[in-house]
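Below are the chains, spelled out letter by letter.
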Amino acid sequence: MNTSTPPTTNPPDPQAAADILARLASVIESRKPAHGGDPDKSYVARLLHKGPDAFLKKIGEEATEVVMAAKDVQHGAERAKIVHEVADLWFHCLIALAHFGLTPDAVLAELARREGLSGIAEKAARPA
């Protein structure tokens, strides 16, 4: 197993990480066609203009690339490959959140709610 260091060896503190997500969400929000985002000049505006099928397809592609990167790392590739692909996945998920009127804060709040819960117990408590 490759244990090379990912590109960022000193991750930002939790507040800085939340700020990064908030800034990115703000940029994505500004790219919405309703806010003047131009599909001819902005990748985000183009995806949002095309509608959910476009960005949901990208989420599926990026999720597959995360899996493939993890498999590659198992066989000696640099761990940074996973970081790169997860960043792409998160980015496209942020686009989906924006489309549906949600923010990264909603996801962070849900993760905070789950903190300290057993994953098995949390899943068992979900409605069927």
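Our subject is the structure that appears above.
The rules we used
Residues numbered from 1 in each chain as written. Predicted model: local features only at pLDDT ≥ 70, side-chain atom pairs only at ≥ 80, totals over all residues. Heavy atoms only, no water. Phe/Tyr/Trp six-rings, centres within 6.5 Å; stacked < 30°, edge-to-face > 60°. Helix = DSSP H or I, 4+ residues; strand = E, 2+ residues; numbered from the N terminus. Axes fitted to C-alpha atoms, helices over the stretch in contact; angles between N-to-C directions. Parallel < 35°, antiparallel > 145°, perpendicular 65-115°, else oblique. Left-handed = near helix turned anticlockwise from the far one by under 90°. Contact = heavy atoms within 4.5 Å. Nonpolar A, V, L, I, M, F, W, Y, C, P; charged D, E, K, R; others polar. Expected span 1.5 Å × (residues − 1). Buried < 20%, exposed > 50% of the residue type's maximum accessible area, 1.4 Å probe, protein only. Core = buried A, V, L, I, M, F, W, Y, C linked by side-chain atoms within 4.5 Å.

(A) Just the packing of aromatic side chains, in detail. As enumerated under the stated definition, the model contains one aromatic pair in all. Considering the side-chain rings of Phe55 and Phe100, the 6.3 Å spacing of their centres and the 80 degrees angle between planes classify their relative orientation as edge-to-face. Residue Phe55 is found in helix H3 (residues 52-74), and its partner Phe100 is found in the loop between helix H4 (80-99) and helix H5 (104-114); the two are separated by 45 residues along the sequence.

(B) Looking closely at the packing of helix H2 (residues 43-50) against H4. One way to put it is that H2 packs onto H4 with a least axis distance of 11 Å and a crossing angle of 50 degrees. Taken together, the axes of H2 and H4 are oblique relative to one another. Remark: the crossing between H2 and H4 carries right-handed chirality. Within the contact between the two elements, H2 uses Tyr43, Val44, Leu47 and Leu48 and H4 uses Phe91, His92, Ile95 and His99. Counted by class, the contact of H2 with H4 contains six nonpolar, two polar and no charged residues.

(C) Molecular detail of H3. In this model, H3 (23 residues) spans 33 Å end to end at C-alpha, consistent with the 33 Å of a helix rising 1.5 Å per residue. For H3, the full list of buried residues reads Ala54, Phe55, Ile59, Glu62, Val66, Ala69 and Val73. Here the buried face of H3 lies against H2 and H4. Residue Gly76 follows H3 closely and has a positive phi angle near 110 degrees.

(D) Spotlight on the nonpolar core. Grouped together as the largest cluster of nonpolar side chains are 14 residues, with contacts concentrated most on Ile28, Val44, Leu47, Leu48, Phe55 and Ile95. Secondary-structure elements contributing two or more residues to this core are H2, H3 and H4. Excluding anything up to four places from it in sequence, Ile95 contacts Ile28, Val44, Leu47, Leu48 and Phe55.

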